[in-house]
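Secondary and tertiary structure notes
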Amino acid sequence: MNANPSKSDPGREFPRLANIGLSGILVTFSDVLSEPANRAALAFRARLGTESWAGVEETTTSLTSVYVRFDPSHLSHATLGKALTALIESEDWFASSLPQKRRLWRIPTAYGGSFGPQLVEAAALAQMSTSQAISQISSSRLRVLTIGFAPGQPYLGTLPDAWDIPRQSGLSAQIPACALAVAIRQLVLFTAQTPTGWRHIAQTGFRGFRPESETPFALRPGDEVMFPQVSEEVFASILAGERGENGGADWEDIK
Amino acid sequence: MSGSLIVHQAGPTLSVQDFGRPGYMAFGLSQGGAADRLALAEGAALLGQNPEFAVLEMAGVGGTFQASQDVRIALTGAPMAASVDDQPLAWNASQTIRAGQRISIGAAMKGNYGYLHVGGGFATPQQLGSRSHHIVAGIGSPIKPGMNLPIGADANFDQPDQRLPIPDRFSGGTLHVLPSAQTHRFSKAEIARFEATEFVRTPRGNRQGVQLGFEGAAFATEQQLSILSEIMVAGDIQMTGDGIPFVLLPECQTTGGYPRIGTVVPDDLPLVAQAAPGTRLRFRFVTIETALETNRSPAQVQTDLKRAMQPLIRDPREIRDLLSYQLIGGVTAGAELETSDDQNG
């Protein structure tokens, strides 16, 4: 983490505007991931939502930036660029508070063994015992930094410094859906079986994407998530579908 | 008139498509929808209906279909050998099919994606505001033999049959590219080499994107493997870890960690989608001002298509003429479209 994100790129000022295709502008708050830069992106997008400018068709965040898709036949690049610049300058987005209407989720999790075959390896890289690893991760309150790669799939951060471990150089053959994997101080909660370079440390019964449902996307950027450890018995009942469509998870509004 | 289209035989990748689901990028879902957007507009113009109506996209090869009632159809996109009860059907034209007649659509003779439109559109169930099968995300289901695809009411059933000139967007060419947020990560020399290189569409590709082969060194940036994942849009030209470009299509992931050298303008994207393996493609950077002037709005596209339409003449010799161009160009089997590789690691 870098407390002063612009340090890594001294020639360039942040936030920075760039065109994306014919109908998009990207507002980048930092070229490296930091908590303030992610908070800035979430807060800035939330503000764009309340401004609801005519011609803006969609907004989204990545880890440290905000993408604005618009209709250039009704809103010119110059007009939107000026409006974005004015909004950027209207406050210190790196210091702004997180948006409202976020939720805190608690997702029951089975760590290690067959549920997390790479927990031992990951803990060793983080230079701690597996029980210390479980204790640290299961007690961390993490934020959905962004959702991407696959529908509804969250990148969660940030874990303590010790977890600044690299991805594997090669890809794991397959990681199951609802698996929890770790790298670079982040967790990914996979929504579908996929090959990955992240290390598989635990398993949940939580589906981030439910295409058949009225509410197909469970998590939103900015939501917070904890992964408390549960016994094999409890986890078996989750897998058996006895604890609801959220895989035993519950949530509350963040006040 | 409404009813259904019965699917007797189906190529490996038939899917119902429309313009997809804009607005879900924040949830990691790309827009999806028809690979060749211009084909949607052509079919809508031929049938005199809303371009948002759902159509059947046929990747590489079509199938055999039967209408439960009289139905108007139009065939657009990659030309495929098509017949009704063994009488040839004209491509890029609207025609009326009688109840019980069998429509057979074979392999693409040029390009990748052919489209079967019906008057009234397909009335399959909507999910998240669209009928599109998003194959990567698992929204919707593949079209299989034995299925009955419901058809909406056709408000223009009595409209005379029309035809459009057969466009050639199936032979590659020069694609116009806009600079993007990561273009500055490539050196001027690399950008010049990119513009000077002739690329060939490889067999790797699907509705997520297509891989391009070329001769020469890999395209590299500094820090290529350590840049932060950033949003991705259809048209982005992504340089993967081994320095080989992929051009992204409607089902691309919403974020990716590989640098994008630029973005193909929307009007040229159908050329990418329709480039069969072996097709040659080049890139030329243009400014946003130029692209805004030259790219047509959907309304302008509809106006241009209406102007270009002519009545379909039912002269067998004429129909033979319409089909004759199909002898030009290579044949693609379509199986290569099935390669479903992870492009983003």
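The rules behind these values
Residues numbered from 1 in each chain as written. Chains lettered and ligands numbered in written order. Predicted model: local features only at pLDDT ≥ 70, side-chain atom pairs only at ≥ 80, totals over all residues. Heavy atoms only, no water. Phe/Tyr/Trp six-rings, centres within 6.5 Å; stacked < 30°, edge-to-face > 60°. Helix = DSSP H or I, 4+ residues; strand = E, 2+ residues; numbered from the N terminus. Lys NZ or Arg CZ within 6 Å of the ring centre and 35° of its normal. Contact = heavy atoms within 4.5 Å. Buried area = accessible area lost by both parts, 1.4 Å probe. Salt bridge = Lys/Arg side-chain N within 4 Å of Asp/Glu carboxyl O. Polar contact = N/O pair within 3.5 Å; in protein donor to acceptor, adjacent residues only side chain to side chain. Nonpolar A, V, L, I, M, F, W, Y, C, P; charged D, E, K, R; others polar. 1 Å grid on protein atoms, 1.4 Å probe; cavity = no way out; pocket = protein on both sides within 12 Å on 5 of 7 lines; lining within 4 Å. Points joined across faces, edges and corners; volume = space filled by probe spheres on them. Pairing = 2+ DSSP bridges. Axes fitted to C-alpha atoms, helices over the stretch in contact; angles between N-to-C directions. Domains from an automatic or database assignment.

1. Side note on the packing of aromatic side chains
Enumeration over the complete set of coordinates arrives at 18 aromatic pairs over all chains. Ring geometry for Phe194 of chain B and Phe283 of chain B: centres 4.8 Å apart, planes at 15°, overall stacked. Of this pair, Phe194 of chain B sits in helix H2 (residues 188–196) while Phe283 of chain B sits in strand E21 (residues 280–285), and the two are 89 residues apart along the sequence. Each member of the aromatic cluster is reached from another via a ring pair, and the members are Phe194, Phe199, Phe214, Phe219, Phe283 and Phe285 of chain B. The lysine or arginine in question, Arg210 of chain A, covers the ring of Phe206 of chain A, its NZ or CZ lying 5.3 Å from the ring centre.

2. With respect to the interface of chain A and chain B
Counting residues at the interface gives 38 residues for chain A and 35 residues for chain B. Roughly 3,000 Å² of surface becomes buried between chain A and chain B when both sides are summed, with 67% attributable to carbon and sulfur atoms. It is Leu22, Phe149 and Phe217 of chain A that lose the most area in chain A upon contact with chain B, and together they represent 23% of the buried surface on that side. For the interface between chain A and chain B, the tally reads one salt bridge. One salt bridge in this structure joins Arg185 of chain B and Asp31 of chain A, with 3.8 Å as the shortest N-O distance. Across the contact surface, chain A and chain B share nine residue pairs in polar contact (both at pLDDT 80 or more). Mapped onto the side of chain A that touches chain B, the elements with two or more residues apiece are strand E1 (16–20), strand E3 (56–61) and strand E4 (65–70) of chain A. Looking at the side of chain A that touches chain B element by element, the count peaks at four residues for E1 of chain A. The class makeup of the residues in the side of chain A that touches chain B is 19 nonpolar, eleven polar and eight charged.

3. Structural notes on empty space enclosed by the protein
If you walk through the whole model with that rule in mind, you get five cavities of 30 Å³ or more. Considering only enclosed or pocket space, the largest cavity measures out at about 140 Å³ in volume. Taken together, 13 residues form the lining of the largest cavity, with Arg16 and Asp31 of chain A together with Gln182, Arg185 and Glu230 of chain B sitting closest to its centre. Roughly 50 Å³ of internal volume is contained in the second largest cavity. Forming the boundary of the second largest cavity are 13 residues, of which Pro151 of chain A together with Gly28, Ser30, His134 and Cys252 of chain B lie nearest the centre. Among the residues making up the lining of the second largest cavity, the classes are represented as seven nonpolar, five polar and one charged.

4. Thoughts on the sheet that holds strand E17 (residues 236–239) of chain B
Residues and elements named next belong to chain B. In spatial order, the strands read E13-E20-E17-E18-E15-E14-E21; together these seven strands close into a barrel with mixed pairing. Pairwise comparison of adjacent strand axes, ignoring direction, gives a mean angle of 40° for this sheet. The pairing of strand E14 (residues 199–206) with E21 spans two bridges and is classified as antiparallel. In the sheet register, Val200 faces E21, and the bridge partner there is Arg280. The sheet contacts of H2 involve E14, E17, strand E20 (260–264) and E21, and relative to E21 the element is tilted by about 140°.

5. Some words on the domain arrangement of chain B
All names here are of chain B. Examined at the domain level, chain B breaks down into domain 1 (3–165 + 301–317) and domain 2 (173–286). Here domain 1 and domain 2 have C-alpha centroids that lie 29 Å from each other. Counting residues at the interface gives 24 residues for domain 1, matched by 16 residues for domain 2. Between domain 1 and domain 2 the total buried area reaches about 1,400 Å² when both faces are included, carbon and sulfur atoms providing 52% of it. Remark: the boundary between domain 1 and domain 2 carries one salt bridge.

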